[in-house]
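These are the residues of each chain, in order.
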Amino acid sequence: MKNFRDTGLYAVVVLSIYLCFFGSVWFFGFLNGADWSSWWTGFSWEMVNTEELKQIIGL
C-alpha cells in the first residue's frame, strides 16, 4: 500500500510542477498580449500519410 501512496504523491507533484510551468508561460504570454489559441493546429486525417506509414512498417 505504501508504494501506491508514493506513486500517487509522485503523480500529484509532477502534475503540479507541469501546471505551474505551463500556467506561468500562458499567464505571462497573456499579460504580454500573446493569443495562444491561434497557435493551435487542428487535426485532420488528411495529415496522416498512410502510404509513407505503410512503407516504413513494410506492408
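Residues numbered from 1 in each chain as written. Predicted model: local features only at pLDDT ≥ 70, side-chain atom pairs only at ≥ 80, totals over all residues. Heavy atoms only, no water.

Draft legend 1. Quick look at the overall build of the protein chain. When helices and strands are counted, the protein chain shows two helices and zero strands. Along the longest, intermediate and shortest principal axes, the C-alpha atoms of the protein chain span 45 × 45 × 15 Å. Here the protein chain holds 59 residues, and the buried ones make up 2% of them. Of the roughly 6,100 Å² of accessible surface on the protein chain, 69% is carried by carbon and sulfur atoms. (Helix = DSSP H or I, 4+ residues; strand = E, 2+ residues; numbered from the N terminus. Buried < 20%, exposed > 50% of the residue type's maximum accessible area, 1.4 Å probe, protein only. Areas by Shrake-Rupley, 256 points an atom, 1.4 Å probe, with all protein chains shown as cover.)

Draft legend 2. Seen up close, the packing of aromatic side chains. Counting across every chain of the model gives four aromatic pairs. Look at Phe21 and Phe22: their rings are 5.0 Å apart centre to centre, the planes differ by 75°, and that puts the pair in the edge-to-face class. Geometrically, the ring pair formed by Trp26 and Phe30 is stacked, given 5.5 Å between the ring centres and 10° between the ring planes. Highlighted residues: Trp26 and Phe30, both in helix α1 (residues 2–31), separated by four residues, approximately one helical turn. Through pairs of rings, three or more aromatic residues link up here, namely Tyr18, Phe21 and Phe22. (Phe/Tyr/Trp six-rings, centres within 6.5 Å; stacked < 30°, edge-to-face > 60°.)

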